[in-house]
Amino acid sequence: MTPTPTAPDGLGTLAGKAFAAYRAGERERLSELVDLVTPVLWNAARSQGGAPATCEDAIQTAFLQLVDRADSINEPAAVLGWLVVVVKREVWRLARGARREFGVEEVPEAPAQQLDPEAQSILSERQRVLWKHVSTLSPRCQELLRVIAFADRPDYAAIAESLGMPVGSIGPTRGRCLQKLRTTLGTDPGWAV
Amino acid sequence: MTSHTDAIDARDIANLHHVRDLFGHADPVPSDLAERIKFAITVHALHAEVAELMDSALLTTRGADAKVEPTPTDSVTFTAASVSLMVSSGPADSDDTDDADDRVRVDGWVTTPGAQIEAVTTEGSSTVISDANGRFVLDDLPHGPVHFVVTDPGNADMRPVITPTIQI
């Protein structure tokens, strides 16, 4: 499980350091944490199919919960995974109109990723090809690949776990989702160029 | 042939970079999301009251849909239940430094004499106490986003008041 020696600290490690420093009294380090992890959290939220405003609220709520519970979080180093779990749960809770509280284990699986027509119209030709292939993957693989793409290699396993994927889904081995993406892209002459 | 039990290699990393570019391009993070989260955290942590922007003729706040940097502020008033705050900005005193154009002086007035006014900018924060008439000056601030936090050291019951972010 050791990252390659040349690899710099992953996003999760940097986030963990910033959060640990915040807990130790360097309050301004929280801004650094927000800047570091917001792209991952945005994609984790949007990959659940929530509307943009819902996703923004979910991310904001997750951070406010983090601040409130900062001292009771057992593993500050795992703060990125903690935030991903809370964001995913919040998106579903908000999307359901807060009918009832439900636990992490009850969070439904993400739907297939959608891009609205306006977004699709601004893709480059190559991005269109990639999108076509990503769309053929299972919804779970689409969600996993979308979210880890915004993190670093040392973070993949922890993020997969916080998204509810089985241990060993990815990192340090490729796992089935990355393998499928590789295979489907590899068979497309339009991608290979 | 490759297998899912192989280690992640450079091709996989490249594929993930393409996935990142795809979603980053098609569904980008709202440009001011991180700033709005930080503001919400500050308000929450201070148990603060958010002051309302009253006079917005000459400035633009950082709204949710702002695609461009707002125009610079001239003079603006904020009001909360316990306090009102008026600020105006201009170039910093030119005799201090040669590059005074790069710095901003904020002249302000607050309804509470002896209030503590903290200006939070990209460089950190500067703090000043208002005089017996409620006046204060914050010189040498950087251009860019700023918000103010007003507290009353003489009145522990007063909730801190935080203003929306403006551009100076």
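Further up the page is the structure itself.
Everything numeric in this text was worked out from a predicted model, so none of it was measured.

Asker: Sorry, what's going on with the overall build of chain B here?
Answerer: Counting secondary structure elements, chain B contains two helices and eleven strands. In sequence order, chain B lays out its α and β elements as α-α-β-β-β-β-β-β-β-β-β-β-β. Here chain B holds 168 residues, and the buried ones make up 29% of them. Contacts in chain B between residues at least 24 apart in sequence constitute 51% of all its contacts with a sequence separation of at least 6.

Asker: So what exactly am I meant to see when it comes to the interface of chain A and chain B here?
Answerer: Quoted interface sizes are often the accessible area lost when the parts come together. Listed by partner, the interface residues are 40 residues for chain A and 31 residues for chain B. Elements supplying a minimum of two residues to the side of chain A that touches chain B: helix H2 (29-46), helix H3 (52-68), helix H6 (125-136), helix H7 (139-148) and helix H9 (175-186) of chain A. No other element matches H2(A), which puts nine residues into the side of chain A that touches chain B. Tallied by class, residues from the side of chain A that touches chain B come to 23 nonpolar, nine polar and eight charged.

Asker: How do you make sense of the pairing of strand S3 (residues 75-79) of chain B when you look at a structure like this?
Answerer: Regular strands have side chains that alternate between both faces of the sheet. Residue and element names in this part refer to chain B. Residues Val76 and Phe78 line the buried face of S3, whereas the alternating positions Ser75, Thr77 and Thr79 sit on a face that is not buried. Direction of pairing for strand S2 (residues 52-53) relative to S3: antiparallel, over a ladder of two bridges. Paired with Leu53 across the strands is Phe78, a residue of S3. In this structure, S3 lies alongside strand S4 (residues 84-91), joined through five bridges in antiparallel fashion. Within the sheet, the bridge partner assigned to Ser75 lies in S4 and is Ser88. Where S3 folds back on S4, the antiparallel hairpin that results is connected by four residues.

Asker: Looking at this structure, I do not really get the nonpolar core. What am I missing?
Answerer: Soluble globular proteins tend to bury their nonpolar side chains together. Grouped together as the largest cluster of nonpolar side chains are 58 residues, with contacts concentrated most on Leu41(A), Leu83(A), Val87(A) and Ile148(A). Looking at which element gives the most residues to this core, the answer is H2(A), with ten residues. When sequence neighbours within four positions are dropped, the list of residues in contact with Val87(A) reads Leu41(A), Ala44(A), Ala45(A), Ala58(A), Ile59(A) and Ala62(A). Membership of the second largest hydrophobic core comes to 25 residues, among which are Val76(B), Ala80(B), Ala115(B) and Ile166(B).

Asker: I keep staring at helix H1 (residues 11-23) of chain A and nothing clicks. Help me out?
Answerer: Residues separated by three or four positions in an α-helix point in the same direction, a consequence of the helix having 3.6 residues per turn. Residue and element names in this part refer to chain A. Between its first and last C-alpha atoms H1 spans 18 Å; for 13 residues at 1.5 Å apiece the expected length is 18 Å, and the two agree. Buried residues of H1: Leu11, Gly12, Ala15, Gly16, Ala18, Phe19 and Tyr22, and no others. For H1, the angular spread of buried residues about the axis comes to 165°, placing them on one side. On its buried side, H1 packs onto H2, helix H4 (79-95) and helix H8 (156-162).

Asker: Can you walk me through the packing of H2(A) against H3(A) in this structure?
Answerer: In a pair of packed helices, the angle between the axes and the distance between the axes together describe the arrangement. Residue and element names in this part refer to chain A. Contact pair H2 / H3: the axes reach a minimum separation of 10 Å and the direction vectors enclose 135°. For the element pair H2 / H3, the angle class is oblique. Along this stretch, H2 crosses H3, giving a crossing that reads as right-handed. Contacts between H2 and H3 involve Val34, Thr38, Leu41, Trp42, Ala45 and Arg46 on the former and, on the latter, Cys55, Ala58, Ile59, Ala62 and Phe63.

The rules behind these values
- Residues numbered from 1 in each chain as written.
- Chains lettered and ligands numbered in written order.
- Predicted model: local features only at pLDDT ≥ 70, side-chain atom pairs only at ≥ 80, totals over all residues.
- Helix = DSSP H or I, 4+ residues; strand = E, 2+ residues; numbered from the N terminus.
- Buried ≥ 20, exposed ≤ 12 C-beta atoms within 10 Å, placed from the backbone.
- Contact = placed C-beta atoms within 7 Å.
- Nonpolar A, V, L, I, M, F, W, Y, C, P; charged D, E, K, R; others polar.
- Pairing = 2+ DSSP bridges.
- Core = buried A, V, L, I, M, F, W, Y, C linked by C-beta atoms within 7 Å.
- Expected span 1.5 Å × (residues − 1).
- Arc of directions from axis to C-beta.
- Axes fitted to C-alpha atoms, helices over the stretch in contact; angles between N-to-C directions.
- Parallel < 35°, antiparallel > 145°, perpendicular 65-115°, else oblique.
- Left-handed = near helix turned anticlockwise from the far one by under 90°.

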